[in-house]
Amino acid sequence: MSENEKINYVEFPSRDLTATKSFFHQAFGWEFTDYGPDYSAFSNQGLDGGFFKSDQCSLTSQGAALIVLFSHQLEQSEEKVRAAGGTIVREIFSFPGGRRFHFIEPGGNEFAVWGDAN
């Protein structure tokens, strides 16, 4: 059930929608539902959302919000990102409360993955 006036859905641009879907499926097991050739939705990933075909992408260097996934095994998640074709743009680093890394998925968007401090 959707909560009143709470964040409910998020949409991202993708320069290569097919590559984006393939990356998230391979790296994290996400499933997608296509709504025409230019939009694909995902659900049950902590927050539902979708990707739309665009010449734009979402990068923090351009002022975009950073979406951060959680992992119980940060190094394993980093390896899965690399194996699926993601580019690590910030290696694992510590911050108050944990550790994380940043990556660019093949559609051009920046994401991060964090885990507890070891």
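In this convention, every chain numbers its residues from 1, walking through the sequence in written order. Where local features are concerned, this predicted model is filtered to residues with pLDDT of at least 70; where side-chain atom pairs are given and counted, the filter is 80 or more; whole-chain, interface and lining totals use all residues. Based on all heavy atoms of the structure, the side-chain values leave hydrogens and waters out of the count.

**Student:** It is not clear to me how the packing of aromatic side chains should be interpreted in this structure. Could you clarify?
**Tutor:** What characterises a pair of aromatic rings is the spacing of the ring centres plus the angle enclosed by the ring planes. Any pair of Phe, Tyr and Trp rings, taking the six-membered ring for Trp, is counted once the centres come within 6.5 Å. Such a pair is stacked with planes under 30 degrees apart, edge-to-face with planes over 60 apart, and tilted for the rest. Scanning the entire structure with this criterion turns up 21 aromatic pairs. Taken together, a centroid distance of 5.2 Å and an interplanar angle of 75° make the contact between Phe24 and Phe111 edge-to-face. In this pair, Phe24 is assigned in helix H1 (residues 17-28) and Phe111 in strand S8 (residues 110-115), connecting sequence segments 87 residues apart. On the numbers, 4.9 Å between centres and 65° between planes, the contact of Phe70 with Trp114 is edge-to-face. Of the two residues, Phe70 sits in strand S5 (residues 67-70) while Trp114 sits in strand S8, which places them 44 residues apart along the sequence. The partly exposed category is assigned to Phe70, whose relative accessible area is 38%. Using a 1.4 Å probe on the protein chains alone, a residue whose accessible area is under 20% of its type maximum counts as buried, one over 50% counts as exposed, and one in between counts as partly exposed. With a relative accessible area of 26%, Trp114 lands in the partly exposed category. An aromatic cluster is defined as three or more aromatic residues linked by ring pairs; in this entry it consists of Phe12, Phe23, Phe24, Phe28, Trp30, Phe32, Phe42, Phe51, Phe101, Phe103 and Phe111. Geometrically, a charge over a ring is one whose NZ (Lys) or CZ (Arg) sits within 6 Å of the ring centre while staying within 35 degrees of the ring normal. Between the NZ or CZ atom of Arg90 and the centre of the ring of Phe93, over which it lies, the distance is 3.8 Å. Directly above the aromatic system of Phe95 lies the positively charged group of Arg100, at a separation of 5.5 Å from the ring centroid. Secondary structure follows DSSP: runs of H or I at least 4 residues long count as helices, runs of E at least 2 residues long count as strands, and numbering of each begins at the N terminus.

**Student:** What's the story with the packing of H1 against helix H2 (residues 74-83) in this structure? I'm lost.
**Tutor:** In helix packing, the relevant descriptors are the interaxial angle and the interaxial distance, both defined with respect to the helix axes. For helices, the fitted line uses only the C-alpha atoms of the stretch in contact; every axis is such a line through C-alpha atoms, and the angle between N-to-C directions lies from 0 to 180 degrees. The contact between H1 and H2 brings their axes to 8 Å, and the two run at 145°. Of the two elements, H1 crosses H2, and the hand of that crossing is right-handed. Where H1 approaches H2, its residues Phe23, Gln26, Ala27 and Phe28 are matched on the opposing element by Lys80, Val81 and Ala83. In terms of residue class, the contact of H1 with H2 is made up of five nonpolar, one polar and one charged. In this scheme, a crossing is called left-handed if the near helix is turned counterclockwise away from the far one by less than a right angle; it is called right-handed if the turn is clockwise. We call two residues in contact whenever any of their non-hydrogen atoms come within 4.5 Å of each other. When residues are sorted by character, Ala, Val, Leu, Ile, Met, Phe, Trp, Tyr, Cys and Pro go into the nonpolar class, Asp, Glu, Lys and Arg into the charged class, and all the rest, Gly among them, into the polar class.

**Student:** Sorry if this is basic, but what is going on with the sheet that holds S8 here?
**Tutor:** Sheet strands line up and pair through hydrogen bonds in the backbone, either parallel or antiparallel. Overall, mixed pairing links the four strands, which are arranged S5-S8-S7-S6 in an open sheet. Edge positions in the open sheet fall to S5 and strand S6 (87-95), since each of these has one partner strand only. Ignoring strand direction, the axes of neighbouring strands in this sheet form an average angle of 25°. By definition, two strands form a pair when at least two bridges between them are found by DSSP. Note: strand S7 (residues 98-104) against S8, six bridges, orientation antiparallel. Among the inter-strand pairings, Arg99 is bridged to a residue of S8, identified as Gly115.

**Student:** It is not clear to me how the sheet that holds strand S1 (residues 9-14) should be interpreted in this structure. Could you clarify?
**Tutor:** Spatially, the four strands line up as an open sheet ordered S1-S4-S3-S2, and their pairing is mixed. The open sheet is flanked by S1 and strand S2 (32-34), the only strands paired with a single partner. Neighbour to neighbour, the strand axes of the sheet diverge by 25° on average, direction disregarded. Two strands pair when backbone bridges link them, and S2 and strand S3 (residues 39-42) are joined in this way by three bridges, in the antiparallel orientation. Bridge pairing in S3 places Asp34 opposite Ser40. Against the sheet, H1 contacts S1, S2, S3 and strand S4 (48-53), and its axis sits at roughly 145° relative to S4.

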